[in-house]
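Chain by chain, the residues run as shown.
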Amino acid sequence: IAGITQAPTSQILAAGRRMTLRCTQDMRHNAMYWYRQDLGLGLRLIHYSNTAGTTGKGEVPDGYSVSRANTDDFPLTLASAVPSQTSVYFCASSAGQTGELFFGEGSRLTVL
Amino acid sequence: AQSVSQHNHHVILSEAASLELGCNYSYGGTVNLFWYVQYPGQHLQLLLKYFSGDPLVKGIKGFEAEFIKSKFSFNLRKPSVQWSDTAEYFCAVKRGTGFQKLVFGTGTRLLVSP
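Can you walk me through the state of the cysteines in this structure?
One way to say it: the disulfide is the covalent bond shared by the sulfur atoms of two cysteines. Within the structure shown, the criterion is met by two disulfides over all chains. The disulfide partner of C23 of chain A is C91 of chain A, and the gap between their sulfur atoms is 1.9 Å. One quick way to see it: the torsion about the S-S bond of C23 of chain A and C91 of chain A is about -75 degrees, and its sign makes the bridge left-handed. Placement of C23 of chain A in strand β3 (residues 19–25) and of C91 of chain A in strand β9 (residues 87–94) is noted, with a sequence separation of 68 residues between them. Among the residues examined, C23 of chain A registers a relative accessible area of 2% and is labelled buried. Residue classification places C91 of chain A among the buried residues on the basis of a relative accessible area of 0%. The side chain of C23 of chain B participates in a disulfide bridge whose partner is C91 of chain B; the two sulfur atoms lie 1.9 Å from each other. In this structure the cystine formed by C23 of chain B and C91 of chain B twists about its S-S bond by roughly -65 degrees; its chirality is therefore left-handed. Within this pair, whereas C23 of chain B is found in the loop between β3 (19–21) and β4 (24–25), its partner C91 of chain B is found in strand β10 (residues 87–95), the two being separated by 68 residues in sequence.

Below, the structure is given as structure tokens:
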């Protein structure tokens, strides 16, 4: 089934450790996004990429980095995890310029 | 900066009650408007969208939304809710044409009691 695959689905991580959340899409969408979802704050954009080879910062980029080496993959890296990065992370993609997003199943990250 | 406001953070209804969730945005130009739904433990799914044309948009599962440009609003409605509509609902706005990031509201949690 076409869509977005995120891994891992859940992870507990010690503070200070490096972590990469993986995201792969098979819909050939140009744009990809990483959001974090926190209670009472809704979805906040971390980083995005509107085409392979380019990335941009969202509203909460600090402590995170991304890369977009090809169309399908958009990994999110936490270089040194902190407890405030405990959240549910959603990867999404969009085709064209309508803005309609397709979401992955999410990755629940707990930083202790 | 563009913002999206959802005034109701929590809504509790009985089955068969009517639903209206408010959404207002601050951008004055051309917009694309969306409502997404997130069922417990699941990812966000598109409920309905407005790009242009008829301002009354019908979506899945009996939901509809009305774009009122003069009020900068895109309220979500359903005449009769079901227990299975228990979920969190997010309004989202994309401004202008070309590549622009989607801006989400903070969400409304709906609990429908049987």
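In this structure, what is going on with the interface of chain B and chain A? I would like to understand it.
One frequently used descriptor of interface size is the decrease in accessible area upon assembly of the parts. The partner chain A presents 21 residues to the 21 residues of chain B that form the contact. Buried surface at the junction of chain B and chain A, summed over both partners, amounts to about 1,800 Å²; 62% is from carbon and sulfur atoms. Its largest share of buried area at the contact with chain A, chain B owes to H43, F99 and K101 of chain B, together 33% of the area lost on that side. Across the chain B-chain A interface, the total number found is one salt bridge. Between E100 of chain A and K49 of chain B there is a salt bridge, and its shortest N-O distance comes to 2.7 Å. Counting across the chain B and chain A interface gives four residue pairs in polar contact (both at pLDDT 80 or more). The biggest single contributor to the side of chain B that touches chain A is strand β5 (residues 31–38) of chain B, with four residues.

Even after reading the chapter, I still don't get the environment of K61 of chain B, so can you show me in this structure?
All names here are of chain B. Relative to the assigned elements, K61 resides in the loop between β7 (56–58) and β8 (64–68). The class of K61 is partly exposed, set by a relative accessible area of 47%. Taking the C-alpha atoms as reference, K61 lies 10.0 Å from Q82; in sequence the two are 21 residues apart. Setting aside anything within four residues of it in sequence, one finds K61 in contact with Y39 and K78. For K61, the side chain forms a polar contact with the side chain of Y39, separated by 3.0 Å.

Whenever I open this one, the packing of aromatic side chains confuses me. Can you help?
Centre distance and the angle of the planes are the two values used to describe a pair of aromatic rings. Evaluation of the coordinates by the stated rule reveals 13 aromatic pairs over all chains. When the centroid spacing of 6.1 Å and the interplanar angle of 70 degrees are considered together, the rings of F103 of chain A and F104 of chain B count as edge-to-face. Here F104 of chain B lies in strand β11 (residues 103–104) and F103 of chain A lies in strand β10 (residues 102–103), a pairing that spans two chains. Accessibility assignment for this pair places F103 of chain A and F104 of chain B in one class, buried. Their ring planes at 80 degrees and their centres at 5.7 Å tell us that Y25 of chain B and F72 of chain B sit as a pair that is edge-to-face. Of the two residues, Y25 of chain B sits in strand β4 while F72 of chain B sits in the loop between β8 and β9 (73–78), which places them 47 residues apart along the sequence. Look at Y25 of chain B and you get buried, because its relative accessible area is 6%. Exposure remark for F72 of chain B: the relative accessible area of 34% places this residue in the partly exposed category. An aromatic cluster of at least three residues, connected via ring pairs, comprises Y33, Y35, F90 and F103 of chain A together with F34, Y36, F51 and F104 of chain B. In this arrangement the basic side chain of R95 of chain B is found over the ring face of Y27 of chain B, its NZ or CZ atom lying 5.4 Å from the centre.

Please explain the nonpolar core as it appears in this structure.
A general trend in soluble globular proteins is that nonpolar side chains are found buried together. L19, L33, W35, L48, F74, L76 and Y89 of chain B are the most contacted members of the largest nonpolar core, which totals 28 residues. Listing elements by their share of this core, those giving two or more residues are β2 (10–14), β3, β5, β6 (45–50), β8, β9, β10 and β12 (108–113) of chain B.

What counts as what
- Sequence positions are assigned chain by chain, starting from 1 and proceeding in written order.
- Here chains are named by letter from A upward and ligands by number from 1 upward, in the order in which they appear as written.
- It should be noted that, the model being predicted, local features are given only for residues of pLDDT at least 70 and side-chain atom pairs only at 80 or more, the latter also being counted only at that level, while totals for whole chains, interfaces and linings use all residues.
- Hydrogens and water are ignored here; the side-chain numbers use all heavy atoms of the structure.
- Cysteine sulfur atoms are paired as a disulfide whenever they come within 2.5 Å of each other.
- Secondary structure counts use DSSP, requiring at least four H or I residues in a row for a helix and at least two E residues in a row for a strand, with both numbered from the N terminus.
- For every residue, the accessible area (1.4 Å probe, protein chains only) is compared with the maximum for its type, and the residue is labelled buried under 20%, exposed over 50%, or partly exposed between those bounds.
- It only takes one pair of heavy atoms within 4.5 Å for two residues to be counted as in contact.
- Put simply, buried area is the surface a 1.4 Å probe can reach on two separate parts but cannot reach once they are joined, added for both.
- Criterion for a salt bridge: a side-chain nitrogen of Lys or Arg within 4 Å of a carboxyl oxygen of Asp or Glu.
- Here a polar contact means two N or O atoms within 3.5 Å. Within protein one must be a hydrogen donor candidate and the other an acceptor candidate, and residues neighboring in sequence count only if both atoms are side-chain atoms.
- Two aromatic rings from Phe, Tyr or Trp, using only the six-membered ring of Trp, form a pair when their centres are within 6.5 Å; if the ring planes differ by under 30 degrees the pair is stacked, by over 60 it is edge-to-face, and anything between is tilted.
- Criterion for a charge above a ring: Lys NZ or Arg CZ within 6 Å of the ring centre, and within 35 degrees of the ring normal.
- We call a set of buried residues a nonpolar core when its members are Ala, Val, Leu, Ile, Met, Phe, Trp, Tyr or Cys and they connect through side-chain atoms within 4.5 Å of each other.

Any functional reading would require information beyond the geometric quantities listed.
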